[in-house]
Amino acid sequence: MQLVRGLHNLRPQHRGCVATIGNFDGVHRGHQAILARLRERAAELALPSCVVIFEPQPREFFGPETAPARLTRLRDKLALLAAEGVDRVLCLSFNPHLRELSAAEFVRAVLVEGLDVRHLEVGDDFRFGCDRVGDFAFLQQAGEREGFSVEAAATVELDGLRVSSTRVRKALAAGDFALAEHLLGRPFQIAGRVLHGQKLGRQLDAPTANVQLKRKRVPLSGVYLVSTVVDGQPWPGVANIGVRPSVAGDGSAHLEVHLLDFAGDLYGRRLTVAFHHKLREEQRFASLEALKAAIAADIAAARAHWQGQPHTLLAGPTD
Ligand SMILES: Cc1cc2nc3c(=O)[nH]c(=O)nc-3n(C[C@H](O)[C@H](O)[C@H](O)COP(=O)(O)O)c2cc1C
Ligand SMILES: Nc1ncnc2c1ncn2[C@@H]1O[C@H](COP(=O)(O)OP(=O)(O)OP(=O)(O)O)[C@@H](O)[C@H]1O
């Protein structure tokens, strides 16, 4: 899959494609349905498929402090789009210039002059352009004028409700991992490099891999049953994600993973951590002894949960 950053990096060979536009945060089952249609249309028309995304996402541009926490950082999103068979991603920086484009200007600059789109696939509720005035009817009219077809994919629902990134975030916040997994079509995962921590974990009888989050906010907080894959082998564990109120920190979110009965060195490696069940909220403990006892109880709960389940049967992460 090819990544093109910004309209100015489009070249003549990028013209002529089937496309879709959106945030695609989480690449959930609604997104997957659109991407499946995109693949089909691309094959029928013998053209490459292109997904147009924005960075930052529009809500992050309008309210960096109030925008919801991301399900996927750009890197994860790109990996998931590649796995869905997308040929090309056009990543536009959402900046003051882009936000001021009217729907008609967006169609002209991005879809017609930039990409020469021959077919556009969108969700039935899709809206875009300054003040979100561009909708499906608008796109169809523009398509008739400019010579591209537009198709609205039917809404994908689960239990009578639309699948959306917002709903995945709510499921995670409520600790409903079965629902999050249904909505995403895979367990919720966070990937990152293992960094050196404060080395306190050893004193707590729970050495932890400190997974770099590279983001200010995360869509979940607490203590969880997790799994990861080390050297191709699924590995169960328990993890804390949060600000670690019991130890002096900088207030930023951390992901600390303790793998059950693991003795190797993980520093510098990239781990993908899948979340399966919430054990408890993160707490502020008055002493390291109290924290140590709580972590021992978490580890015992994880052991009881995974006992009897062969590691190979774990619903592990995808890499
Ligand atoms: C299973 C588990 C549960 C944890 N629960 C909490 C908690 O409730 N409150 C807290 O402040 N820190 C909690 N922690 C985080 C520890 O404070 C952290 O792992 C420890 O400070 C080690 O950090 P280090 O890797 O930087 O040395 C938990 C860690 C694990 C592995
Ligand atoms: N459940 C769904 N069924 C069909 N299409 C969907 C569904 N969810 C999103 N889409 C479509 O996928 C494209 C990208 O959607 P986008 O990520 O912008 O919205 P979303 O998933 O609904 O997120 P949010 O909850 O943040 O609004 C759009 O065309 C959108 O209409």
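Residues numbered from 1 in each chain as written. Chains lettered and ligands numbered in written order. Predicted model: local features only at pLDDT ≥ 70, side-chain atom pairs only at ≥ 80, totals over all residues. Heavy atoms only, no water.

Topic: the packing of helix α7 (residues 165–173) against helix α8 (residues 177–184)
So the rule is basically this: Here, axes are lines fitted to C-alpha atoms. For helices the fit covers the stretch in contact, and angles between N-to-C directions go from 0 to 180 degrees. Think of it this way: any DSSP run of H or I at least four residues long counts as a helix, any run of E at least two long counts as a strand, and we number them from the N terminus. Each angle gets one of four labels, with under 35 degrees taken as roughly parallel, over 145 as roughly antiparallel, 65 to 115 as roughly perpendicular, and the rest as oblique. Note on convention: the crossing is left-handed when the near helix lies turned anticlockwise from the far helix by less than a right angle, right-handed when the turn is clockwise. Residue contacts are defined here by distance: any two heavy atoms, one from each residue, within 4.5 Å place the two residues in contact. Polar here means any residue outside two lists: the nonpolar Ala, Val, Leu, Ile, Met, Phe, Trp, Tyr, Cys and Pro, and the charged Asp, Glu, Lys and Arg; Gly therefore counts as polar.
Two elements in contact, α7 and α8, have axes separated by 8 Å at closest approach and are oriented at 160°. Regarding the angle of α7 to α8, the classification is roughly antiparallel. As α7 packs across α8, the resulting crossing turns out to be left-handed. Here Arg 167, Val 168, Ala 171 and Leu 172 of α7 come into contact with α8, specifically with Phe 177, Leu 179, Ala 180, Leu 183 and Leu 184. Split by residue class, the contact of α7 with α8 holds eight nonpolar, no polar and one charged.

Describing the site of ligand 1
Put simply, the rule reads: One heavy atom suffices: a residue is near a molecule or strand as soon as one of its heavy atoms comes within 4 Å of it. Here a polar contact is taken to be a pair of N or O atoms separated by no more than 3.5 Å, where protein atoms must pair a possible hydrogen donor with a possible acceptor and residues adjacent in sequence count only if both atoms sit in side chains. For accessible areas, the Shrake-Rupley method is used with a probe of radius 1.4 Å. Any residue's cover is judged against the shown protein chains and nothing else.
In the neighbourhood of ligand 1, 23 residues make up the surrounding shell, with Gln 198, Lys 199, Leu 200, Ser 246 and Gln 283 lying closest. At 3.0 Å, a side-chain N or O of Arg 244 approaches an oxygen atom of ligand 1. In the environment of ligand 1, an oxygen atom lies 3.1 Å from a nitrogen or oxygen atom belonging to the backbone of Pro 245. In isolation ligand 1 offers 630 Å² of accessible surface; the protein chains occlude 99% of this area. Put simply, the parts of the chain that give the shell around ligand 1 at least two residues each are β12 (233–242) and α9 (288–306). Top element by residues in the shell around ligand 1 is α9. It accounts for three residues. In the shell around ligand 1, the residues fall into nine nonpolar, eight polar and six charged.

Side note on the layout of surface pockets
Operational definition: The definitions used throughout rest on a 1 Å grid laid over the protein atoms alone, on which a cavity is an enclosed set of points accommodating a 1.4 Å probe that cannot get out and a pocket is an open set flanked by protein within 12 Å on both sides along at least five of seven lines; lining residues are those having an atom within 4 Å of a point. Grid points are joined across faces, edges and corners, and a volume is the space filled by probe spheres set on the points.
Its boundaries defined by the atoms lining it, the largest pocket holds a volume of some 1200 Å³. Elements represented by at least two residues in the lining of the largest pocket include exactly β2 (17–21), α1 (29–45), α2 (58–62), α4 (96–100), β5 (117–123) and α7. A class-by-class count of the residues in the lining of the largest pocket yields 21 nonpolar, 13 polar and 11 charged. Along the walls of the second largest pocket sit 41 residues, with Gly 201, Ala 206, Pro 207, Thr 208 and Glu 256 positioned nearest its centre. Looking at the lining of the second largest pocket, its residues break down into 22 nonpolar, 11 polar and eight charged.

So, the sheet that holds β2
Each strand in a sheet pairs with its neighbour through backbone hydrogen bonds, running either in the same direction (parallel) or in the opposite one (antiparallel). Let me state the cut-off plainly: Strands are treated as partners if at least two bridges between them are detected by DSSP.
If you trace the six strands from one edge of the open sheet to the other, you get β1-β4-β3-β2-β5-β6, paired in parallel fashion. The open sheet has two edge strands with one neighbour each: β1 (2–5) and β6 (149–153). Averaged over neighbouring strand pairs, the angle between their axes works out to 25° when direction is ignored. Relative to β5, β2 runs parallel, the two being bridged by three bridges. Within β5, the position partnered with Val 18 by the bridge is His 119. In this fold helix α5 (residues 103–114) packs onto β2, β3 (49–55), β4 (88–93) and β5, with an angle of close to 140° to the strand it touches most, β4. Against the sheet, helix α6 (residues 136–146) engages β5 and β6, with an angle of about 160° to β6.

Points about the packing of aromatic side chains
Quick reminder of the rule: Any two rings among Phe, Tyr and Trp, with Trp reduced to its six-membered ring, count as a pair given centres within 6.5 Å; such a pair is stacked if its planes are under 30 degrees apart, edge-to-face if over 60, and tilted if neither. Partly exposed residues are those whose accessible area sits between 20% and 50% of the maximum for their type, while under 20% is buried and over 50% is exposed, using a 1.4 Å probe and protein chains only.
Overall, the coordinates contain 13 aromatic pairs when judged by the stated rule. Ring geometry for Phe 54 versus Phe 94: centroids 5.8 Å apart, planes at 90°, classification edge-to-face. Of this pair, Phe 54 sits in strand β3 while Phe 94 sits in the loop between β4 and α4, and the two are 40 residues apart along the sequence. Given the relative accessible area of 12%, Phe 94 is considered buried. Centre to centre, the rings of Phe 62 and Phe 94 are 5.8 Å apart; their planes meet at 70°, and the pair counts as edge-to-face. One end of the pair, Phe 62, is in helix α2; the other, Phe 94, is in the loop between β4 and α4, with 32 residues separating them in the sequence. Taken together, the ring pairs connect Phe 54, Phe 61, Phe 62, Phe 94, Phe 106, Phe 126, Phe 128 and Phe 138 into an aromatic cluster.

With respect to the site of ligand 2
Heads up, the condition is: Think of it this way: if more than half of a molecule's atoms are within 2 Å of a pocket's grid points, that molecule is in the pocket or cavity.
Residues in close proximity to ligand 2 total 20 residues, the closest being His 28, His 31, Val 156, Val 163 and Thr 166. Out of a free accessible area of 610 Å², ligand 2 has 87% covered by protein chains. A molecule is said to occupy a pocket when more than half its atoms come within 2 Å of that pocket's grid points, and by this definition ligand 2 occupies the largest pocket. Elements with a contribution of two residues or more to the shell around ligand 2: α1, β5 and α7. For the shell around ligand 2, the leading source of residues is α1, giving three residues.

Brief notes about the domain arrangement of the protein chain
Test applied: Domains are outlined according to an automatic or database domain assignment. The term buried area denotes the loss of accessible surface (1.4 Å probe radius) that occurs when two parts are joined, taken as the sum for both partners. The term salt bridge refers to a side-chain nitrogen of Lys or Arg lying within 4 Å of a carboxyl oxygen of Asp or Glu.
In terms of domains, the protein chain is made up of domain 1 (2–161) and domain 2 (189–313). Using C-alpha coordinates to define each centre, domain 1 is positioned 36 Å away from domain 2. In this assembly, 12 residues from domain 1 lie in contact with eight residues from domain 2. Between domain 1 and domain 2, roughly 810 Å² of surface is buried when both sides are summed, and carbon and sulfur atoms account for 35% of that area. Contact with domain 2 buries surface across domain 1, with Ala 69, Arg 73 and Arg 75 losing the most and accounting together for 57% of the total. Where domain 1 touches domain 2, the interface holds one salt bridge. The tally of links from domain 1 across to domain 2 stands at three residue pairs in polar contact (both at pLDDT 80 or more).

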